[in-house]
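Close look at the chain arrangement
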Amino acid sequence: QVQLVESGGGLGQPGGSLRLSCAADGSIFTVFTMGWYRQAPGKQRELVATVTSSGDTNYADSVKGRFTISKDNAKNTVYLQMNSLKPEDTAVYYCAARDERLKGADFGSWGQGTQVTVSS
């Protein structure tokens, strides 16, 4: 298990920007895929973006072109830059980690979540 702590949520305006951060408690980014998920009230949790240990990224169609996932291996921190925010981006956002050394493993470590609310 990896300890993950998110920060940076809050209130954003439609069309505005927010940046989320997720700090890991160790140097894991060279062997872990990191991801951001979100869960809106009454909806299932959905994958927002992932970044592999080699830096390959993947995004949900709903956020492509607006959100960017990145990581700083030296700081053990992964980021989610959210631009052109929409009200439908309102959700609790979770950081997650998946050990690439474990074939077929799912995301097994999770942060506590950070609330993002997009409203004027």
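Quick look at the structure, then. (Residues numbered from 1 in each chain as written. Predicted model: local features only at pLDDT ≥ 70, side-chain atom pairs only at ≥ 80, totals over all residues. Heavy atoms only, no water.)

Some remarks on the environment of Gln-39
Its location among the elements puts Gln-39 in strand β4 (residues 32-39). Taking the C-alpha atoms as reference, Gln-39 lies 22 Å from Gln-1; in sequence the two are 38 residues apart. Setting aside residues up to four positions removed in sequence, Gln-39 forms contacts with Gln-44, Arg-45, Ala-91, Val-92 and Tyr-94. One polar contact links the side chain of Gln-39 to the main-chain carbonyl oxygen of Lys-43, over a distance of 3.1 Å. (Helix = DSSP H or I, 4+ residues; strand = E, 2+ residues; numbered from the N terminus. Contact = heavy atoms within 4.5 Å. Polar contact = N/O pair within 3.5 Å; in protein donor to acceptor, adjacent residues only side chain to side chain.)

As for the packing of aromatic side chains
The relation between two aromatic rings is expressed through the spacing of the ring centres and the mutual angle of the planes. Overall, the coordinates contain two aromatic pairs when judged by the stated rule. Centroid distance Tyr-37 to Phe-107: 5.5 Å. Interplanar angle 80 degrees. Geometry classified as edge-to-face. In this pair, Tyr-37 sits in strand β4 while Phe-107 sits in the loop between β9 (91-99) and β10 (109-110), placing the two residues 70 residues apart along the sequence. Given the relative accessible area of 13%, Tyr-37 is considered buried. Among the aromatic residues, those joined into a cluster by ring pairs are Tyr-37, Phe-107 and Trp-110. Just above the ring of Trp-110 sits the side chain of Arg-45; from NZ or CZ to the centre is 4.0 Å. (Phe/Tyr/Trp six-rings, centres within 6.5 Å; stacked < 30°, edge-to-face > 60°. Buried < 20%, exposed > 50% of the residue type's maximum accessible area, 1.4 Å probe, protein only. Lys NZ or Arg CZ within 6 Å of the ring centre and 35° of its normal.)

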